[in-house]
Amino acid sequence: MPNDIALTHKRIRLRIPKDYHSQPVISRLVSDYGLTVNITAAVLGANAVGDGWFDLDLQGTIGQIDRALGYLHDLDLQIWDNNSETGIW
């Protein structure tokens, strides 16, 4: 099963609503799903009043990335990748 051991990258843009600012959402991608996460860009309002936007480069196996994306979807967070309908992000 080469997909279980081969590392891959996936770039995503993630919106984290202000209600989640006290939650370790990105940290859990590392601790719970074993991913290497590089934050390539971020926008967070002064005093963390508004939503946060993060461009993330995820590195891990396809299975790890799929499980981590499932976690983000379960939180009902907005996620864009280069396969999104608009193609612009």
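Our subject is the structure that appears above.
Residues numbered from 1 in each chain as written. Predicted model: local features only at pLDDT ≥ 70, side-chain atom pairs only at ≥ 80, totals over all residues. Heavy atoms only, no water.

Chemist: So, the pattern of salt bridges: which residues are in play, and what are the values?
Modeler: One pass over the structure, following the stated rule, counts three salt bridges. With its nearest N and O atoms 3.0 Å apart, the salt bridge here joins Asp 81 to Lys 10. Separated by 71 residues along the polypeptide, Asp 81 in strand E4 (residues 78-81) and Lys 10 in strand E1 (residues 7-16) bring together distant segments of the chain. When sorted by exposure, Asp 81 lands in the same class as Lys 10, which is buried. (Salt bridge = Lys/Arg side-chain N within 4 Å of Asp/Glu carboxyl O. Helix = DSSP H or I, 4+ residues; strand = E, 2+ residues; numbered from the N terminus. Buried < 20%, exposed > 50% of the residue type's maximum accessible area, 1.4 Å probe, protein only.)

Chemist: So what's going on with the side chain of Asp 81? Which residues, and what values?
Modeler: You can call Asp 81 buried: its relative accessible area is 16%. Among the polar contacts listed, one links the side chain of Asp 81 to the side chain of Lys 10, at a separation of 3.0 Å. (Polar contact = N/O pair within 3.5 Å; in protein donor to acceptor, adjacent residues only side chain to side chain.)

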